[in-house]
Structures are given as C-alpha cells and as structure tokens.
Amino acid sequence: MELVQLKPLLFTLLFISYITVEVSSATIAFHNKCSYPVWPGIQPSAGKPILVKGGFKLNPKQSYALRIPQDWSGRFWGRQDCVFDAAGNGHCGTGDCGGTMYCNGAGGAPPATLAEITLGELDFYDVSLVDGYNLAISIRPFKPKGGACSYAGCVKDLNQMCPVGLQVKSRDNTRVVACKSACSAFNSPRYCCTGQFGNPSTCKPTAYSKIFKTACPRAYSYAYDDPTSIATCKGGNYLVTFCPQH
C-alpha cells in the first residue's frame, strides 16, 4: 500500500504533529492533549485485522493518524504510567494489555475508558464507561459524507469525583489513577446486569452509574444505558482525543 503524509486532514488546523502511515480506507486520528504520555491500545473485533500491532506511544501534543478498512470495528483506550524495555515488555499503571507495548489483539485491563467504533455503510461509535474510567476521551467526526455525526465522549476527570469504593490508587498511594465500574468493584448481578438483572427492564441505573452519567452525558455509563449514547455518521473520518479539555 502507498505511504502518504496525512497533514492535510485536520492537523494543519490544529497545529499538531503528524506521522507517516499506510493508506487503506477511512482515517482515524489520535491526538494526545494530556500533559503526560499516553500509550493508545487498539483491539479489533473478532475477525478484524490488528492495526499497528495493537499499540503505540503518544507524547503530549503528538498525533498519529492511520487509514483503516471500511468495515473495521474495534475499540481504543489510553494506557498511562507505562514502562517498557527495548523489546516492548513492561507494564502500564492503567489499561495494561498483558505487559506488552503491542497489545496484538488483547484488550486493556479495566478500569479503562473505551472508545468503540464500527465502520460500514453507516458508522456507529461511542465512548463507554462500562469497564470503568482511567482518562478522558472524545470522538469527533470530521469530513463526513452525511448523517448526524455528533460528538461522543467523556471529557470530565472522573478520578477527581470517584467514590472511595471504586478508586484505584497509584503505586505510591498518593493519587487516584482510575475509577472502577460498580460491576468490577462489587461483582453483583445488579451492577453487572447479569442473572435476573440481565435485560433492560430489570437492569436500571444505579447511584454509581448516575455519577458517571451526570459527569459524562455523552458516554455509556452501564450496560443498558440510553441508546442515544451511540452516535452515528456516514462516511466519516474520526479524531480520538485523550484529555480533550486540556
């Protein structure tokens, strides 16, 4: 496949750096507005190809854009406080995918904020807190062909308002680095929407999911959240931003 430089898409307007990548179809760009490095992880849905070995590093203010197959689907998340050796072995403080720089199809350990997307004739995308929260993420379409193409994301720092029972502390125990879902923290059918709570009529918002939803109304807060949390767009390209309010 032909190699191109992707600076004309959105990066000239944002004055951010760009990286040369392979061309195939729709564009997804990642931009790190956090004040610290983020290691994005990428997990394809079953049967879909692994992209860029499933992970890479983004320094503050750095961007990475790639073209992906039209019918690709999968999820993205940000890893924090990572340390890797020259071979790519190591660990991350949040979102770790098996102790490696390159996730290679593996998912991130919760809690982790997830950006999910399914490309097709009509694209579907959302930001999910169902597996908890570790950092703010947004998805914003650009240059779409049609559709509502609304914004999706969780831009608030939920770590600052995370209930004590859901908090994940740093190794030195001085700060909250992630916020568990109630399902992960308590493993209860009521919070996990399993057993007798395994359908939309019985699995309702809880006090914990309401905290997430109030802070981030454009994100999924629990398994049977309002379907309006899913955004749609036709023929779009997408900008995934870490720490979008910074």
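Looking up the protein in an unreviewed UniProt entry gives the name Thaumatin-like protein, with the organism given as Papaver nudicaule. Word for word, the UniProt comment on the protein under Sequence similarities (unreviewed entry) is "Belongs to the thaumatin family."

Enquirer: I keep staring at the packing of aromatic side chains and nothing clicks. Help me out?
Expert: Note on aromatic pairs: each is described by the distance of the centres and the angle between the planes. If you walk through the whole model with that rule in mind, you get nine aromatic pairs. A centroid spacing of 5.7 Å and a plane angle of 20° characterise the contact between Trp 72 and Phe 76, whose relative ring orientation is stacked. In terms of burial, Trp 72 and Phe 76 fall into one category: buried. Taken together, the ring pairs connect Phe 30, Phe 56, Tyr 64, Trp 72 and Phe 76 into an aromatic cluster.

Enquirer: Sorry if this is basic, but what is going on with the state of the cysteines here?
Expert: What the rule picks out here adds up to eight disulfides. Between Cys 34 and Cys 243 runs a disulfide, and the two sulfur atoms are separated by 1.9 Å. In this structure the cystine formed by Cys 34 and Cys 243 twists about its S-S bond by roughly 85°; its chirality is therefore right-handed. With Cys 34 in the loop between β3 (26–32) and β4 (39–44) and Cys 243 in the segment after β16 (237–242), this residue pair connects regions lying 209 residues apart in the sequence. Side by side, Cys 34 and Cys 243 carry an identical accessibility label, which is buried. Paired through a disulfide, Cys 149 and Cys 233 show a sulfur-sulfur distance of 2.1 Å. With the S-S bond torsion at 80°, the cross-link from Cys 149 to Cys 233 turns out right-handed.

Enquirer: Hey, could you run me through the layout of surface pockets in this one?
Expert: Rolled over the atoms, a probe sized like a water molecule indicates the empty space that remains. Estimates place the volume of the largest pocket at around 340 Å³. Lining the largest pocket are 19 residues; nearest its centre among them are Tyr 36, Gln 80, Asn 134, Asp 157 and Asn 159. Taken together, the residues that form the lining of the largest pocket break down as nine nonpolar, six polar and four charged.

Enquirer: Help me understand the sheet that holds strand β6 (residues 73–79), please; the structure alone is not making it clear to me.
Expert: Strands pair in a sheet through their backbones, by hydrogen bonds, and they do so in one of two ways: parallel or antiparallel. The strand order across the open sheet formed by five strands is β4-β6-β9-β10-β15, and the pairing between neighbours is antiparallel. Edge positions in the sheet fall to β4 and β15 (231–233), since each has one partner strand and no second. The average angle at which neighbouring strand axes cross in this sheet is 20°, direction not considered. Two elements, β4 and β6, share six bridges in a ladder whose sense is antiparallel. Residue pairing for β6: Ile 42 is matched across the bridge by Phe 76.

Enquirer: Explain the environment of Pro 40 to me, please; I cannot follow it from the model alone.
Expert: As for its position among the elements, Pro 40 is in strand β4. Sequence separation of Pro 40 and Gln 80 is 40 residues, and the distance between their C-alpha atoms is 8.9 Å. When near neighbours in sequence (up to four residues on either side) are disregarded, Pro 40 contacts Gly 54, Gly 55, Phe 56, Lys 57, Leu 58, Trp 77, Gly 78, Arg 79 and Phe 242.

Enquirer: Would you take a moment to explain a nonpolar patch on the surface for this structure?
Expert: On the surface, Leu 122, Phe 124 and Ile 230 cluster together to form a nonpolar patch covering roughly 230 Å² of accessible area. Note on placement: Leu 122 falls in the loop between β9 (114–118) and β10 (123–128). With relative accessibility at 36%, the residue Leu 122 sits in the partly exposed group.

Enquirer: Would you explain the nonpolar core in this entry?
Expert: Most often, soluble globular proteins keep nonpolar side chains buried together rather than apart. Counting residues in each nonpolar core, the largest one holds 42 residues, and the members touching the most others are Phe 30, Phe 76 and Phe 242. Apart from residues no more than four positions distant in its own chain, Phe 30 is found in contact with Ile 42, Phe 56, Leu 58, Gln 62, Ser 63, Tyr 64, Leu 66, Phe 76, Val 240 and Phe 242. Among the nonpolar cores identified, the runner-up in size contains five residues, and Trp 77, Cys 97, Ala 112 and Leu 114 belong to it.

Enquirer: Looking at this structure, I do not really get the sheet that holds β16. What am I missing?
Expert: Strand order in the open sheet made by the five strands is β5-β3-β16-β11-β12, with mixed pairing throughout. Each having just a single partner strand, β5 (63–68) and β12 (152–154) make up the two edges of the open sheet. Taken pair by pair, the neighbouring strands of this sheet meet at an average axis angle of 20°, ignoring direction. Relative to β16, strand β11 (residues 137–142) runs antiparallel, the two being bridged by six bridges. Bridging from a neighbouring strand, Ser 138 pairs with Thr 241 of β16.

Procedures and definitions
Position labels on residues start from 1 in each chain and follow its written sequence. Residues qualify for local features only when their pLDDT is at least 70, as the model is predicted, and side-chain atom pairs are given and counted only at 80 or more; totals for whole chains, interfaces and linings, by contrast, use all residues. Values shown for side chains rest on all heavy atoms present in the structure; no hydrogens or waters enter the calculation. UniProt positions are given in the numbering used here, feature names are shortened, and annotations may be inferred rather than shown by experiment. Within 6.5 Å between ring centres, the rings of Phe, Tyr and Trp (the latter by its six-membered ring) count as paired, and their orientation is classed by plane angle as stacked under 30 degrees, edge-to-face over 60, tilted in between. Any residue under 20% of the maximum accessible area for its type is buried, any over 50% is exposed, and the rest in between are partly exposed; the area is computed with a 1.4 Å probe on protein chains only. By definition, disulfides here are pairs of cysteine sulfur atoms that lie within 2.5 Å. Helix numbering and strand numbering both begin at the N terminus, where a helix is a DSSP run of H or I of at least 4 residues and a strand a DSSP run of E of at least 2. Here a cavity means grid points, on a 1 Å grid over the protein atoms only, where a 1.4 Å probe fits yet cannot get out; a pocket means an open set of points with protein on both sides within 12 Å along at least five of seven lines; lining residues are those with an atom within 4 Å of a point. Grid points are joined across faces, edges and corners, and a volume is the space filled by probe spheres set on the points. Gly is placed with the polar residues, together with every amino acid not listed as nonpolar (Ala, Val, Leu, Ile, Met, Phe, Trp, Tyr, Cys and Pro) or charged (Asp, Glu, Lys and Arg). In this description, strands pair whenever DSSP reports at least two bridges between them. Geometry is summarised by axes, namely lines fitted to C-alpha atoms with helices restricted to the contacting stretch, and by angles between N-to-C directions that run from 0 to 180 degrees. Should any heavy atoms of two residues lie within 4.5 Å, those residues are considered in contact. To count toward a patch, a residue needs a relative accessible area above 30% and no salt bridge. Like charges then connect within 9 Å, nonpolar side chains (Val, Leu, Ile, Met, Phe, Trp, Tyr) within 5 Å. For the area figures, the Shrake-Rupley method with a 1.4 Å probe applies, and any residue is considered shielded solely by the protein chains shown. Here, a salt bridge means any side-chain nitrogen of Lys or Arg that lies within 4 Å of a carboxyl oxygen of Asp or Glu. By convention a nonpolar core is built from buried Ala, Val, Leu, Ile, Met, Phe, Trp, Tyr and Cys residues, the set being connected through side-chain atoms within 4.5 Å.

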